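So the chains spell out like this:
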Amino acid sequence: MIRPLRPLTTFTSPPGAAAPPTGVKIAVTGLDFFYSQKQALSAITTDLQANIVTAFIGPSGCGKSTFLRTLNRMNDIIPGARVEGQILIDGHDIYHPGTDVVDLRRRVGMVFQKSNPFPKSIFENVAYGLRVNGITRNRGELEGRVEDSLKAAAIWDEVKDRLSESALMLSGGQQQRLCIARALAIQPEILLMDEPASALDPIATQRIEELIYQLKTTYTIVIVTHNMQQAARVSDRTAFFWLGRLVESGPTEQIFTSPTEKLTEDYVTGRFG
Amino acid sequence: MTAGARRLAGDRLLQTLSILVLALSLVALMTLLYDVWSDGWQRLDWRFLTSNPSRRAAAAGIYPALVGSFYVLLVTAALSLPLGIGAAVYLEEYGGGGRWARLIEINIANLAGVPSIIYGLLGLSVFVRVFGWGPSVLAGGATLALLALPVVILSTREALRTVPMSAREGSYALGATQWQTIWHQVLPSAFPGILTGLILAMSRAIGETAPLITIGALAYIDFTPTSVMSPFTVLPIQVYNWVSRPQAAFAENAAAGIIVLLVLLLTLNSVAVVLRDRIQKARA
């Protein structure tokens, strides 16, 4: 278990913001997203529940990754990107001008499609988030948190004897679990995963999926995937995107067995995409 | 001849031509090196490196010029490295895309091509006169730093651009600020490239004569600089001074001086290559 270190900070929010309905972690209303002139998301409205896994599915270019990246404002670093609409996390508007983006990203962790460990040692990769956020300077505490995070990401046993070796020496699957450990180290509440297993072999993929299953008791997880079997295996709820729109969302079983939209049915039965 | 055979012949012709062109430039370089070496090698000894210049060619050495070059280069590196990296980081990471940034970019690219004597004139009026530094090591180093800056800025920007987006994203996603991301991820990754650019700029600076003559560096000197405010001379000026004398013995000194300068340059470049490879390996 990761031991708590400090109370989680809250966002600045407009006074009188409504309390979120129970169980809703992220509430999105009328979200539009533009890359310069090109509109990538239109009128997305949805609620994402706490402590479950939500999967985003849809064909390439449908906007599912873009949507994921609006949730921790990762798109901010893309020149010309523009967001309209509202995203509330725990009732606080993350695009409100007073929002501390750095703190938002600390609370909303992210794992990328292509594993991107820093060219540093395994230990330093996990310690990085703790250092830059000034969470702890105490060596013993740092070591404890790194160990806890590596254990939580189910990679501790494979790396415990070589923490000072370069992270780039690890296999692809290990690198990805290291990136998950790195994200967990700063104790986020939400974990965004952008096709975390798309570059991995079946065994490594299975390990990531098992890990997601274990992590959902502690974290709210949102995963983008190309792989519909994977969505069916790991997620509790599924949202289907098509051409920048959210076509349908609901319990995963329902989306895959009795979707209400014809488009969803065509996609999940493999008629296109 | 069939079409296929003709294509083959054309291929071979071009190959021969390019080898010839390469050989031509190599021969020119070798001739130059041989000429300098055959003129200067007898003069090369420990005494030549450690003696002051003299009116008697046989007793003259390059010690003050060698030390002067070293000091001036230190000042140049100390000034152009932080300024150049800082400017490049701003242009590449912060200022990106604006009209001002683009105007500055174009100007920097142009500055890299300005004749070096212009920098000498600027150094003379600003560092020597307005700042009152006189024809000192500091003024010389600062003038060469101006000359080196565009090269450092351009090569640093190139190096910053090669740092993959995924490294930056990984850092931002962990709640790092932009400055933390630049300091901990971007600059270390770009460092080998930045170092290469710096060494290239230093190699250019070490061979410069015109701007230093313009600011009033001495041609004859029989002491080594004791502080950054001391007057100084550098290797190319010493060489120039010897070349312009009528006696054949001084021409030999000049050739020997050129050899020393070349060895210094090669050493500098090899150190850069070794350092870069070490850092790259350490990070892999």
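Residues numbered from 1 in each chain as written. Chains lettered and ligands numbered in written order. Predicted model: local features only at pLDDT ≥ 70, side-chain atom pairs only at ≥ 80, totals over all residues. Heavy atoms only, no water.

S.K.: Any chance you could explain the overall build of chain B here in plain terms?
M.R.: Along chain B, the regular secondary structure elements total eleven helices and zero strands. Going from the N terminus to the C terminus, chain B shows its helices and strands as α-α-α-α-α-α-α-α-α-α-α. With the C-alpha coordinates of chain B rotated into their principal frame, the extents come out at 70 × 70 × 35 Å. When burial is assessed residue by residue, chain B has 43% of its 284 residues classed as buried. Restricting the contact set of chain B to residue pairs at least 6 apart, pairs at least 24 apart contribute 74%. As presented, chain B carries roughly 15,100 Å² of accessible surface, and 69% of it is formed by carbon and sulfur atoms. (Helix = DSSP H or I, 4+ residues; strand = E, 2+ residues; numbered from the N terminus. Buried < 20%, exposed > 50% of the residue type's maximum accessible area, 1.4 Å probe, protein only. Contact = heavy atoms within 4.5 Å. Areas by Shrake-Rupley, 256 points an atom, 1.4 Å probe, with all protein chains shown as cover.)

S.K.: It is not clear to me how the domain arrangement of chain B should be interpreted in this structure. Could you clarify?
M.R.: Residue and element names in this part refer to chain B. Per the domain assignment, the segments making up chain B are domain 1 (3-43) and domain 2 (49-283). Here the C-alpha centroids of domain 1 and domain 2 sit 31 Å apart. Taken together, the two surfaces of domain 1 and domain 2 that pack against each other cover about 660 Å², and 68% of this comes from carbon and sulfur. Contact with domain 2 buries area across many residues of domain 1, yet Val-36, Asp-39 and Arg-43 alone supply 69% of it, more than any other trio. Connecting domain 1 to domain 2 are zero salt bridges. On the surface where domain 1 and domain 2 come into contact, there are three residue pairs in polar contact (both at pLDDT 80 or more). (Domains from an automatic or database assignment. Buried area = accessible area lost by both parts, 1.4 Å probe. Salt bridge = Lys/Arg side-chain N within 4 Å of Asp/Glu carboxyl O. Polar contact = N/O pair within 3.5 Å; in protein donor to acceptor, adjacent residues only side chain to side chain.)

S.K.: It is not clear to me how the packing of helix α4 (residues 139-152) of chain A against helix α6 (residues 172-185) of chain A should be interpreted in this structure. Could you clarify?
M.R.: Packed helix pairs are characterised by how far apart their axes lie and by the angle those axes make with each other. Residues and elements named next belong to chain A. Relative orientation of the contacting elements α4 and α6 amounts to 130 degrees, with a least axis distance of 8 Å. Between α4 and α6, the crossing angle belongs to the class labelled oblique. The handedness of the crossing between α4 and α6 is right-handed. Between α4, through Arg-145, Ser-149, Leu-150 and Ala-152, and α6, the contact on the second element is made entirely by Leu-178, Ala-181, Leu-184 and Ala-185. Tallied by class, the residues present in the contact of α4 with α6 amount to six nonpolar, one polar and one charged. (Axes fitted to C-alpha atoms, helices over the stretch in contact; angles between N-to-C directions. Parallel < 35°, antiparallel > 145°, perpendicular 65-115°, else oblique. Left-handed = near helix turned anticlockwise from the far one by under 90°. Nonpolar A, V, L, I, M, F, W, Y, C, P; charged D, E, K, R; others polar.)

S.K.: Hey, could you run me through unusual backbone geometry in this one?
M.R.: Trans is the common state for peptide bonds, and a negative phi is the common state for residues other than glycine. Residue and element names in this part refer to chain A. Of note, Asn-51 is a non-glycine position whose phi angle comes to about 55 degrees, a positive value. Even without a glycine there, the phi angle at Arg-73 is positive, about 55 degrees. Secondary-structure assignment places Arg-73 in the loop between α1 (64-70) and β4 (81-89).

S.K.: Please explain α6(A) as it appears in this structure.
M.R.: The periodicity of an α-helix, 3.6 residues per turn, causes residues three or four places apart in sequence to face the same way. The end-to-end C-alpha distance of α6(A) is 20 Å, a good match for the 20 Å that 14 residues give at a rise of 1.5 Å each. With 13 of 14 residues buried, α6(A) lies mostly within the body of the structure. (Expected span 1.5 Å × (residues − 1).)

S.K.: How should I be thinking about the sheet that holds strand β2 (residues 38-49) of chain A in this particular structure?
M.R.: Hydrogen bonds between backbone atoms are what pair the strands of a sheet, whose relative direction is either parallel or antiparallel. All names here are of chain A. Spatially, the four strands line up as an open sheet ordered β2-β1-β4-β5, and their pairing is antiparallel. The open sheet is flanked by β2 and β5 (92-93), the only strands paired with a single partner. Relative to β4, strand β1 (residues 24-35) runs antiparallel, the two being bridged by eight bridges. Its bridge partner lying in β4, Ala-27 is registered against Leu-88. (Pairing = 2+ DSSP bridges.)

S.K.: Sorry, what's going on with the interface of chain B and chain A here?
M.R.: By convention, interface size is frequently given as the accessible area that disappears when the constituent parts associate. Tallying the contact residues gives 19 residues for chain B and 23 residues for chain A. Taking both partners together, chain B and chain A bury about 1,700 Å²; carbon and sulfur atoms supply 60% of that area. Area buried by chain B at its contact with chain A is led by B:Glu169, B:Ala173 and B:Leu174, which between them contribute 35% of it. Put simply, B:Glu169 and A:Arg69 hold a salt bridge, and the shortest N to O gap is 2.7 Å. Linking chain B to chain A there are five residue pairs in polar contact (both at pLDDT 80 or more). Sorting the residues of the side of chain B that touches chain A by element identifies α7 (165-173) and α8 (178-206) of chain B as the ones contributing at least two each. The dominant element in the side of chain B that touches chain A, judged by the number of residues it contributes, is α7(B), at eight residues. A class-by-class count of the residues in the side of chain B that touches chain A yields seven nonpolar, ten polar and two charged.

S.K.: I keep staring at the packing of aromatic side chains and nothing clicks. Help me out?
M.R.: The relative placement of two aromatic rings is captured by the distance of their centres and the angle of their planes. All names here are of chain A. Under the counting rule described, the total for this entry stands at twelve aromatic pairs over all chains. Here Phe-67 and Phe-241 contribute two aromatic rings whose centre-to-centre distance is 5.6 Å and whose plane-to-plane angle is 45 degrees, an arrangement assigned as tilted. Of the two residues, Phe-67 sits in helix α1 while Phe-241 sits in strand β9 (residues 237-242), which places them 174 residues apart along the sequence. Each member of the pair Phe-67 and Phe-241 is classed as buried. What links up through ring pairs into an aromatic cluster is the set Phe-56, Phe-67 and Phe-241. The positively charged end of Arg-182 is found above the aromatic ring belonging to Phe-118, 4.2 Å away from the centroid. (Phe/Tyr/Trp six-rings, centres within 6.5 Å; stacked < 30°, edge-to-face > 60°. Lys NZ or Arg CZ within 6 Å of the ring centre and 35° of its normal.)

S.K.: Could you clarify how one ought to interpret the sheet that holds strand β10 (residues 245-251) of chain A in this entry?
M.R.: Residues and elements named next belong to chain A. Strand order across the open sheet formed by six strands is β6-β7-β8-β3-β9-β10, with mixed pairing between neighbours. The open sheet has two edge strands, β6 (108-111) and β10, and neither has a second partner. Averaged over all pairs of adjacent strands, the angle between strand axes in this sheet comes to 15 degrees, irrespective of strand direction. Bridge analysis of β9 against β10 gives six bridges, and the strand direction is antiparallel. Looking at β10, one finds that Arg-237 is bridged to Pro-251. Contacts from α6 reach β6 and β7 (190-194), with the element oriented near 170 degrees to β6.

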